[in-house]
There are 2 protein chains.
Amino acid sequence: MKTLLKNAKIVNVFTDSLMDADVLIEDDKIIGLGDYSDTNADICEDLKGKYICPGFIDGHIHIESTMMTPYELSKAVLPCGTTSIVADPHEIANVCGTDGIKYIIEASEGLPLKVYIMLPSCVPATPFDESGCVLKAEDLKPFYKEKRVLGLAEMMNYPGAISGDLDILNKIKDAFDNNKVVDGHAPLLTGHGLDAYISRGIQSDHECSSYEEGKERISKGQWLMVREGTAAKNLLNMIDLLDEPFSRRCVLVTDDKHPADILRDGHIDHIIRLAVKNGKSVFTAIRVATIQAANCFGLKYTGAVAPGYKADLLVLNNLEEIDIKDVYSEGKKVVENKKLKEYDKPSISKQLVNKVTNSFFIDKLTEKDFILSKEANKCRVIKTIKGQLLTDEWITEMNFETSNGIDLERDILKIAVLERHHNTGHKGIGFINGIGLKEGAIACSVSHDSHNLIVIGSNEADMACVANAIIEMGGGCAAAKNGKIVSSLPLPIAGLMSEDDASLLAEKNHVLREAIYELGVPRTIAPLMTMAFVSLAVIPSLKLITTGLFDVNSFSPTDLFVK
Amino acid sequence: MKTLLKNAKIVNVFTDSLMDADVLIEDDKIIGLGDYSDTNADICEDLKGKYICPGFIDGHIHIESTMMTPYELSKAVLPCGTTSIVADPHEIANVCGTDGIKYIIEASEGLPLKVYIMLPSCVPATPFDESGCVLKAEDLKPFYKEKRVLGLAEMMNYPGAISGDLDILNKIKDAFDNNKVVDGHAPLLTGHGLDAYISRGIQSDHECSSYEEGKERISKGQWLMVREGTAAKNLLNMIDLLDEPFSRRCVLVTDDKHPADILRDGHIDHIIRLAVKNGKSVFTAIRVATIQAANCFGLKYTGAVAPGYKADLLVLNNLEEIDIKDVYSEGKKVVENKKLKEYDKPSISKQLVNKVTNSFFIDKLTEKDFILSKEANKCRVIKTIKGQLLTDEWITEMNFETSNGIDLERDILKIAVLERHHNTGHKGIGFINGIGLKEGAIACSVSHDSHNLIVIGSNEADMACVANAIIEMGGGCAAAKNGKIVSSLPLPIAGLMSEDDASLLAEKNHVLREAIYELGVPRTIAPLMTMAFVSLAVIPSLKLITTGLFDVNSFSPTDLFVK
């Protein structure tokens, strides 16, 4: 089966230039680049001077953060020109362990979006976390037999990597023994510490947020994954690293991006447009998003329009704006005139579906479950910082007499993190400032990285109500007021994802957010996002986990009451 | 064991710039790059501003062409800064088959020069060749288990690759199935033919000789191996491909280089110097010769001075002239102040030594063996072209009355190619013009690619004399006059290589060449080189093989006598 695309301007990622040529495709592979005007092909299309560039590659993404299944994600990003993603199923692995990884592998099998997998390196994120599973080196090792597994994902435990934690060294060794790569995650690490970390064989980082930080990484041989997602937007701070010689070692990634943002702005195409709009070469931006991502992961014959390469390519109406008309995946047209063609949903074994859709093990809750017995007058309150995942510790006098410590005037709300994987009944209860809820309660099962049930409320009755709603849905986010659910977003797959498509998810998410704003949260705050990171015990300073308050700076539990 | 190299200027191949830093090495690996002045190390050296760059990599070399064993070659090129070579044992495989490959692997085991192997793809070079062995896909396949085997070497049979010859496709498939690469060899191939050839997965070419040819290869995704050896010197014709963006896809190689040239000019360092002398950036040239060669072959953590990388590095007194003071191989100083340190010769199993040193199977010859019975007056004479491997066909009236066709006035000498692998008695006899011998005879067992015994003479008696000398030596080159050997260069390993070191080989080669010039050959001619390629039936036009004259243009045998 031969396809001939005639009269195109090819974006050549090897020469950073345009090339007038026809492209001849046989089955899934490009076999000709040049004048093929006299060649017979089964399908022949005259592109009349339109552009062809390679399909884009997202070098690091958590599918779970899009809340979509791989199938729905593929439908959302293929029209954006993304033909390959490198996914780290870290979130679902924290809930479902190796079954979570298997689910992502099966749920992405045979999609026109190629889904490569990096194995989650740090499940759970800290030894204090109560996650659904603990993944040791021996749990990950069998996955290296899977064709689409490219290596070990972001090594977040950089102190462990540096000091030589045995399980971490084993995980890295297994990756290398299988000729795979190891990605990094070490924000702000520099100098000797960085050298020691990189020396373990950590090839990349996507957590850099400044030019100097990015430059140091490149100088020391790492691939710099320039991230532009929903919360973390690093491109503009590092944009001059898309100039020579640094651009040679850059890759583009989204990491975490919500469906509404994908629908509105795009995916990797959005990062390219942003780079071009800010004065960078479109050839560089495309090269970084294609052949370099492929090189970073050792993906052969991917990421270029050249003989022998996989026919993953885009037809563009316009180069600078990355106006994508058609998308080819392995030689098949999957997007035509911006319209996605239909394709089959991967079939997933029942056992895995059962596992990921039954991930909630927690008894129904009552108002009493959220009541604290006062031990002192002063408490440590988690003080959120607008637009950041960082929090501060705020020690203040509480009023336990009238409302169990909740103080709406000073914006002190109650927060609870409830273990939901093994029905241990473990729960952490505390107080939070900076959310702005005036009535009702909100809750979510997306709570990094262990994804226990997190609830914030203005009163305990609504907290129990909204928590029970989420338990009933088998996961998701919701808001309650006066004992009634006012809006909800079910995420029945591991409590993280839904079968809904991007539009429906974006819409439900929008409705829920509006409902939360109705409860008094100021529009300057992203309540769900903020809530989802309050339990992440690796971002300073004060966090809440299932066993209570956690002081990230001293990396140890701390008391709620200050006696 | 830690080594600290302080106060160096690091050539950073990721940023094309110098970086003031200390380099901290632990065992075989770089673990620090920056300010380590306060660090304790077992060995500490203050480089006082000298330069450090990564060790050089020769991306394509035939060790046999240096006539040295891997051990002696390592001694010759380590002081030139070459710490890794990618060798294609094509010549010895033509003589000894898989035992030849095994010999090269064993003879290079544990050397401070890392010898990587590409498996010879085309043994014999043509179906008309009578080589020592025929290597099919199944013969090569087991070698992919060897750690140092990186892939399949130069695919010279490009018509076969294009048309889809089954054995060739199997060889390529085996390389890919083992996650290895396939190098190319397709001089002047362009357009559709080139596309079809590259589409098979051929990743590189080292036979390009012009800017346009090289540029097409790069545009189509191949690595361009810029070659500068003894006979083939391609750098200057393609030097502008060492500018951006093309340089990103270049690698430096020597392919075939004689010991005298290595001793006089250097190795990869010579190519870098030549590039710099001709106006190219020293950073680009070093990058091309280091990290890019590593990337081309998927060699991880090789080719840069960065944390986690193998400590293969050079200390330079001067950057532009690549004045190499010290050489480190995997953290060990192997060259100090330009002086090589001693290291062990690899031990080779007796069976292999026996095999490669007993590669001559041909009975003693007499004058009569070189006499032709006249079938017509006119003959096809091989007409050599000065400075080229190409030959012309010259049809001329012969004088068989007085000297069996030999005509010294018209420089028509007798030439014979004698099968020497299986004692078949096969021989091709013909005439050659352009050598200039006035008396005596010369002979050699280096005769591409099958390495049969080739003899050129002014009379049959000396031809028999010199041929028998080579048979007695078990291989080599020699000159005879009046029934006596006047000079000889024994090459007892497969008839291609010697245990001598570079100086001794260069000296013996020099003495032999002088002796040949004494026999009347003009000094403008390289007699041994010319002789070695007269039997290579893939370079046009008229060649002599063991079965007689061969017309390369029609790719078929042809008659000596024109009736």
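Just above sits the structure.
Values in this document were obtained by computation on a predicted structure and should not be read as measured data. (Residues numbered from 1 in each chain as written. Chains lettered and ligands numbered in written order. Predicted model: local features only at pLDDT ≥ 70, side-chain atom pairs only at ≥ 80, totals over all residues. Heavy atoms only, no water.)

Engineer: What exactly am I supposed to notice about the overall build of chain A here?
Structural biologist: Of regular secondary structure, chain A possesses 17 helices and 29 strands. For a compact globule of 563 residues, the expected C-alpha radius of gyration is about 24 Å, and chain A comes in at 24 Å, within 12% of that figure. Principal-axis analysis of the C-alpha atoms places the extent of chain A at approximately 85 × 50 × 45 Å. A total of 563 residues make up chain A; the buried ones form 64% of that total. (Helix = DSSP H or I, 4+ residues; strand = E, 2+ residues; numbered from the N terminus. Rg over C-alpha atoms; globule rule 2.2 N^0.38 Å. Buried < 20%, exposed > 50% of the residue type's maximum accessible area, 1.4 Å probe, protein only.)

Engineer: How should I be thinking about the relation of the copies chain B and chain A in this particular structure?
Structural biologist: Here two copies of a chain appear, and what relates them is a rotation about an axis with a shift along it. Mapping chain B onto chain A is achieved by rotating through 180° and translating by 0.0 Å along the same axis, at an RMSD of 0.1 Å. Taken together, the rotation and translation describe the operation of a two-fold axis. Nearest to the rotation axis, the C-alpha of B:Gly298 is located 3.9 Å from it, this being the minimum over chain B. Most of the interface of chain B is mirrored in chain A, where 100% of its interface residues are also at the interface. (Least-squares fit on C-alpha atoms with pLDDT ≥ 70 in both. Contact = heavy atoms within 4.5 Å.)

Engineer: Would you mind showing me how to read the interface of chain B and chain A here?
Structural biologist: One frequently used descriptor of interface size is the decrease in accessible area upon assembly of the parts. The interface of chain B with chain A comprises 40 residues on the first partner and 40 residues on the second. Interface area, chain B with chain A, both sides summed: about 3,000 Å², of which 49% is carbon and sulfur. Among the residues of chain B in contact with chain A, B:Phe14, B:Ser199 and B:Arg248 are the three that bury the most area, contributing 20% of the side total. The tally of links from chain B across to chain A stands at two salt bridges. A salt bridge links A:Asp16 to B:Arg248; the nearest nitrogen and oxygen atoms lie 3.0 Å apart. (Buried area = accessible area lost by both parts, 1.4 Å probe. Salt bridge = Lys/Arg side-chain N within 4 Å of Asp/Glu carboxyl O.)

Engineer: Teacher, can you tell me more about the pairing of strand 25 (residues 484–490) of chain B here?
Structural biologist: A regular strand places its side chains so that they alternate between the two faces of the sheet. Residue and element names in this part refer to chain B. Direction of pairing for strand 24 (residues 476–481) relative to strand 25: antiparallel, over a ladder of six bridges. Within strand 25, the residue paired with Ala478 across the bridge is Ser488. Joining the antiparallel neighbours strand 24 and strand 25 is a turn of two residues, in which Asn482 adopts a positive phi near 50°. (Pairing = 2+ DSSP bridges.)

Engineer: Mind showing me how you'd approach the pairing of strand 3 (residues 29–34) of chain B here?
Structural biologist: All names here are of chain B. Burial analysis of strand 3 places five of its six residues in the buried class, which makes it a mostly covered element. As paired strands, strand 2 (residues 17–26) and strand 3 are joined by five bridges and run antiparallel to one another. What sits directly across from Asp22, in strand 3, is Gly34. The loop that links strand 2 with its antiparallel partner strand 3 comprises two residues; one of these, Asp27, has a positive phi angle of about 55°.

Engineer: Would you mind going over the sheet that holds strand 28 (residues 556–557) of chain B with me for this structure?
Structural biologist: Hydrogen bonds between backbone atoms are what pair the strands of a sheet, whose relative direction is either parallel or antiparallel. Residues and elements named next belong to chain B. Here we have three strands laid out as an open sheet, ordered 26-27-28, and antiparallel in their pairing. Each edge of the sheet is formed by a strand with only one pairing partner; in this case those strands are strand 26 (542–545) and strand 28. Here strand 27 (residues 548–551) runs beside strand 28; their pairing, made up of two bridges, is antiparallel. Directly across from Asp551, in strand 28, lies its bridge partner Ser556.

Engineer: When you look at the packing of helix 3 (residues 98–107) of chain A against helix 13 (residues 350–357) of chain A in this model, what are you seeing that I'm missing?
Structural biologist: When two helices pack together, their arrangement is given by the angle between the helix axes and the distance between those axes. Residues and elements named next belong to chain A. Two elements in contact, helix 3 and helix 13, have axes separated by 10 Å at closest approach and are oriented at 120°. Classified by the angle between their axes, helix 3 and helix 13 sit oblique to one another. The interaxial crossing formed by helix 3 with helix 13 has left-handed handedness. Together, Asp99, Lys102, Tyr103 and Glu106 of helix 3 and Gln351, Leu352, Lys355 and Val356 of helix 13 make up the contact between the two elements. For the contact of helix 3 with helix 13, the class distribution of residues is three nonpolar, one polar and four charged. (Axes fitted to C-alpha atoms, helices over the stretch in contact; angles between N-to-C directions. Parallel < 35°, antiparallel > 145°, perpendicular 65-115°, else oblique. Left-handed = near helix turned anticlockwise from the far one by under 90°. Nonpolar A, V, L, I, M, F, W, Y, C, P; charged D, E, K, R; others polar.)

Engineer: I'm lost on the sheet that holds strand 13 (residues 250–253) of chain A in this one. Help?
Structural biologist: Residues and elements named next belong to chain A. The strand order across the open sheet formed by eight strands is 6-7-8-9-10-11-12-13, and the pairing between neighbours is parallel. Every interior strand has two partners, whereas the edge strands, strand 6 (56–61) and strand 13, have only one. Strand-to-strand, the axes of this sheet are offset by a mean angle of 30°, without reference to chain direction. Where strand 8 (residues 114–119) and strand 9 (residues 149–155) come together, three bridges link them in parallel fashion. Bridging across to strand 9, Met118 finds its partner in Gly151.

Engineer: I keep staring at the environment of A:Asp255 and nothing clicks. Help me out?
Structural biologist: All names here are of chain A. You can see Asp255 is positioned in the loop between strand 13 and helix 9 (259–265). Exposure remark for Asp255: the relative accessible area of 3% places this residue in the buried category. Separated by 68 residues in sequence, Asp255 and Asp323 have C-alpha atoms that sit 23 Å apart. Here Asp255 is in contact with His60, Ile61, His62, His206, Glu207 and Arg227, once residues within four sequence places are set aside.

Engineer: Would you take a moment to explain the state of the cysteines for this structure?
Structural biologist: Here, the word disulfide means a covalent bond between the sulfur atoms of two cysteines. All names here are of chain B. Under the defined criterion, the tally for this structure stands at zero disulfides over all chains. Looking at the unpaired Cys122, the closest cysteine sulfur is the one in Cys133, lying at 15 Å. Just so you know, Cys465 is unpaired, no disulfide at all, and the nearest cysteine sulfur is the one on Cys477, 15 Å from it. (Disulfide = S-S within 2.5 Å.)

Engineer: Would you mind showing me how to read the packing of aromatic side chains here?
Structural biologist: The geometry of an aromatic ring pair is captured by two quantities: the separation of the ring centres and the angle between the planes. Residues and elements named next belong to chain B. According to the stated counting rule, one finds 22 aromatic pairs over all chains in the structure shown. Consider the rings of Phe128 and Phe555, whose centres lie 5.7 Å apart with planes at 80°: the pair is edge-to-face. Linking Phe128 in the loop between strand 8 (114–119) and helix 4 (137–140) with Phe555 in the loop between strand 27 and strand 28, this pair joins segments that are 427 residues apart in sequence. Considering the side-chain rings of Phe550 and Phe555, the 5.4 Å spacing of their centres and the 90° angle between planes classify their relative orientation as edge-to-face. (Phe/Tyr/Trp six-rings, centres within 6.5 Å; stacked < 30°, edge-to-face > 60°.)

Engineer: Which parts of the structure should I look at to understand the pattern of salt bridges?
Structural biologist: Between side chains of opposite charge, a pair can form as their charged atoms come close. Summed over all chains, the structure comprises 85 salt bridges over all chains. Close ionic contact of B:Asp255 with B:Arg227 constitutes a salt bridge, the shortest N to O distance being 2.6 Å. A residue pair is termed long-range when its members are at least 10 positions apart, and B:Asp255 in the loop between strand 13 (250–253) and helix 9 (259–265) and B:Arg227 in strand 12 (residues 223–227) qualify at 28 residues. Accessibility classification places B:Asp255 together with B:Arg227 in one group, the buried group. By sharing partners, the salt bridges in this structure join A:Glu45, A:Lys325, A:Asp326, A:Lys333, A:Glu336 and A:Lys341 into a single network.

Engineer: Teacher, can you tell me more about the environment of B:Gly387 here?
Structural biologist: With respect to the helices, strands and loops of the structure, B:Gly387 is situated in the loop between strand 18 (378–384) and strand 19 (391–397). In this structure the C-alpha to C-alpha distance between B:Gly387 and B:Ala526, which are 139 residues apart in sequence, comes to 7.9 Å.

Engineer: Would you mind going over helix 6 (residues 166–177) of chain A with me for this structure?
Structural biologist: Since the α-helix packs 3.6 residues into each turn, any two residues three or four apart lie on the same face. Residue and element names in this part refer to chain A. With 12 residues, helix 6 ought to run about 16 Å at 1.5 Å a step, and its terminal C-alpha atoms sit 16 Å apart, in line with that. Buried residues in helix 6 make contact with helix 4 (137–140), strand 9, helix 5 (158–163), strand 10 (181–184) and strand 11 (202–205). Where helix 6 begins, the side chain of Asp165 points an oxygen toward the backbone nitrogen of Asp167, at a separation of 3.0 Å. Positive backbone phi, approximately 60°, marks Asn179, located one or two places after helix 6. (Expected span 1.5 Å × (residues − 1). Polar contact = N/O pair within 3.5 Å; in protein donor to acceptor, adjacent residues only side chain to side chain.)

Engineer: Please clarify how helix 7 (residues 191–199) of chain A should be interpreted in this entry.
Structural biologist: Buried within helix 7 of chain A are the following residues: A:Leu194, A:Asp195, A:Tyr197, A:Ile198 and A:Ser199. Among the structural elements, strand 9, helix 5, strand 10, strand 11 and helix 8 (211–219) of chain A together with strand 3 of chain B are those in contact with the buried residues of helix 7 of chain A. Of the residues one or two after helix 7 of chain A, A:Gly201 is the one with positive phi, at around 105°.

Engineer: Would you mind showing me how to read the environment of A:Ala21 here?
Structural biologist: Residues and elements named next belong to chain A. Following the sequence through the fold, Ala21 ends up in strand 2 (residues 17–26). Look at Ala21 and you get buried, because its relative accessible area is 5%. Taking the C-alpha atoms as reference, Ala21 lies 21 Å from Gly81; in sequence the two are 60 residues apart. If near-sequence neighbours (up to four positions away) are discounted, Ala21 is found in contact with Leu5, Asn7, Ala8, Ile10, Leu33 and Gly34.

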